[in-house]
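Inside the fold
Each chain, written out:
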Amino acid sequence: MSNTHFQLDRQGRLLHFLTIEGLKRHHLIEILDTAESLRGVAERRVKKLPTLHGKTVVNLFFEASTRTRTTFELAAKRLSADVLTLNIATSSAVKGESLLDTLRNIEAMQCDMFVVRHEQSGAAEFIARHVKPHIAVLNAGDGRHAHPTQAMLDVFTIRRHKPAFEALQVAIVGDILHSRVARSLIHALGILGTPDIRVIAPRTLLPVDVEKLGVRVFDNPTIGLRGVDVIVMLRLQKERMAGALLPSEREFFQCYGLTEERLALAKPDAIVMHPGPINRGVEIDSRVADGPRSVILEQVTNGIAARMAIMSITLGNHARPTGEQI
Ligand code: NCD
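Reading guide: rules and limits
Residues numbered from 1 in each chain as written. Predicted model: local features only at pLDDT ≥ 70, side-chain atom pairs only at ≥ 80, totals over all residues. Heavy atoms only, no water. Domains from an automatic or database assignment. Contact = heavy atoms within 4.5 Å. Buried area = accessible area lost by both parts, 1.4 Å probe. Salt bridge = Lys/Arg side-chain N within 4 Å of Asp/Glu carboxyl O. Polar contact = N/O pair within 3.5 Å; in protein donor to acceptor, adjacent residues only side chain to side chain. Helix = DSSP H or I, 4+ residues; strand = E, 2+ residues; numbered from the N terminus. Nonpolar A, V, L, I, M, F, W, Y, C, P; charged D, E, K, R; others polar. UniProt positions renumbered as here; feature names shortened; annotations may be inferred. Buried < 20%, exposed > 50% of the residue type's maximum accessible area, 1.4 Å probe, protein only. Pairing = 2+ DSSP bridges. Axes fitted to C-alpha atoms, helices over the stretch in contact; angles between N-to-C directions. Parallel < 35°, antiparallel > 145°, perpendicular 65-115°, else oblique. Left-handed = near helix turned anticlockwise from the far one by under 90°.

**Digging into the domain arrangement of the chain**
- We note that the domain assignment places domain 1 (3-146 + 301-318) and domain 2 (148-296) within the chain.
- Taking the mean C-alpha position of each, domain 1 and domain 2 sit 25 Å from one another.
- Each side of the interface is counted separately: domain 1 has 34 residues, and domain 2 has 27 residues.
- Looking only at domain 1, the three residues that lose the most surface to domain 2 are Ile20, Leu32 and Arg144, adding up to 27% of its buried area.
- Between Asp33 and Arg159 there is a salt bridge, with the nearest N and O atoms lying 3.0 Å from each other.
- Here domain 1 and domain 2 share eight residue pairs in polar contact (both at pLDDT 80 or more) between them.
- Put simply, the parts of the chain that give the side of domain 1 that touches domain 2 at least two residues each are α1 (25-38), α2 (67-78), β3 (113-118), β4 (136-142) and α11 (296-319).
- No other element matches the eight residues that α1 contributes to the side of domain 1 that touches domain 2.
- In the side of domain 1 that touches domain 2, the residues fall into 14 nonpolar, eight polar and 12 charged.

Structural data, given as structure tokens:
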């Protein structure tokens, strides 16, 4: 797709947050360290910092979302921004004119940041290319392309349990083909130096050339899960499936579902992750989802700190006078 450096200014600082691809290790570490320092805000009596006081953040959600939308909203509020959330029913394509029209109208309300979720890949970048230069655009998921804030909350959660990325074995299981979460996470883990990233799925749910992302491919979880430190389960994204790629959900669970027996193949201290929403009995057994190795709800909590970090870094870079933009 597009020029992945578009989100950086001439000094290489983040102005927008559109994709993990093309970022450097120091960008990710800055986000992780900032998120770590912001995580404590939730434990305070007054859960607020003045960082974005006087700024207006607009959540533009053209596609359904629960966790991402609400944690973005909370993140902005905890940084003292004024927040507006628009759930916009959408047609199947980015309608150049109408999207730009929506944008111009919201821009006219003097906003400082757009958080965009859209079913079309490239929508957030399209918006970033057309907004006024003082506005930061964050991608909250675009089609099958990218979900960079989810990747950051995922690696943040991993680092809190397993700090050495250079020694990690990570398995991502399920519908990789339709998953923007998997793509962004694979890029983030690669940039952070993870030597062993595995994808486990039937061939019908893997992108062509998936190996080019630097992963090892397994179609058998009994082999692929052996000895891993982290297991990331993915939902079957049926709304993105054009035809029948699977015999049945029951069969998928039998072949790939994460049960206690399969979890036992991983390291004894392995963690189980899932971006949500989970489908119990389809990709994951309830005993695993609610069990002691699951960090699924921790991911939700960490999403607030990760998004606070990304918001304060990008808006901070916009505010600096030397932040000359491309
Ligand atoms: C994911 C998404 O929307 O891409 N969910 C999320 O953001 N927490 C994954 C999914 O929908 O399965």
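**Details of the UniProt feature "binding site: carbamoyl phosphate" (unreviewed entry) in the chain**
- Taking the numbering used here, the UniProt-annotated feature "binding site: carbamoyl phosphate" (unreviewed entry) corresponds to Arg67, Thr68, Arg117, His147, Gln150, Gly276 and Pro277.
- Residue placement: Arg117 occurs in strand β3.
- Once residues lying within four places of it in the same chain are set aside, the contact partners of Arg117 are Leu60, Phe61, Phe62, Glu63, Ala64, Ser65, Thr68, Ala140, Gly141, His147 and Arg180.
- Positionally, His147 belongs in the loop between β4 and α5 (148-161).
- Given a relative accessible area of 3%, His147 falls into the buried group.

**What to know about the pattern of salt bridges**
- Scanning the model with the defined rule gives 17 salt bridges in all.
- Measuring nitrogen to oxygen at the nearest pair gives 2.8 Å for the salt bridge that ties Arg180 to Glu63. Here Arg180 is found in helix α6 (residues 180-191), whereas its partner Glu63 is found in the loop between β1 (56-61) and α2, with 117 residues between them in sequence.
- The buried category is assigned to Arg180, whose relative accessible area is 6%.
- Lys132 is paired through a salt bridge with Glu107; the nearest N and O atoms lie 4.0 Å apart. Taken together, the positions of Lys132 in the loop between α4 (123-130) and β4 and Glu107 in helix α3 (residues 96-107) put the pair 25 residues apart, joining distant regions of the chain.

**Quick word on the sheet that holds strand β6 (residues 196-200)**
- With respect to topology, five strands assemble into an open sheet ordered β7-β6-β5-β8-β9, the strand pairing being parallel. Edge strands, defined here as strands with exactly one partner in the open sheet, are β7 (216-218) and β9 (271-273). Strand-to-strand, the axes of this sheet are offset by a mean angle of 20°, without reference to chain direction.
- Bridge count between strand β5 (residues 169-173) and β6: five bridges; the pairing is parallel.

**Focus: unusual backbone geometry**
- Following Gly276, the chain continues into Pro277 via a peptide bond in cis, with omega recorded as -5°.
- The backbone of Ser80 shows a phi angle near 70°, a positive value even though the residue is not glycine.
- Locating Ser80 in the fold gives a position in the loop between α2 and β2 (82-87).

**Brief notes about the side chain of Thr19**
- Tracing the chain through its elements places Thr19 in the segment before α1.
- A distance of 3.3 Å separates a polar side-chain atom of Thr19 from the backbone nitrogen of Glu21.

**A short note on the pairing of strand β8 (residues 230-233)**
- Where burial is concerned, the two faces of β8 agree: the one with Val230 and Val232 and the one with Ile231 and Met233 are both buried.
- In this structure, β5 lies alongside β8, joined through four bridges in parallel fashion. Bridge pairing in β8 links Ala171 to Ile231.
- Of the pairings in the sheet, the one linking β8 to β9 comprises three bridges and is parallel in character.

**Looking at the packing of α5 against α6**
- The N-to-C vectors of α5 and α6 enclose an angle of 55°; their axes lie 8 Å apart at closest approach. Considering the angle they form, α5 stands oblique to α6. Note on packing geometry: the crossing formed by α5 with α6 is right-handed. In contact with Pro148, Gln150, Ala151, Asp154, Val155 and Ile158 of α5, α6 contributes Val181, Ser184, Leu185, Ala188 and Leu189.
- Partitioned by chemical class, the residues of the contact of α5 with α6 number eight nonpolar, two polar and one charged.

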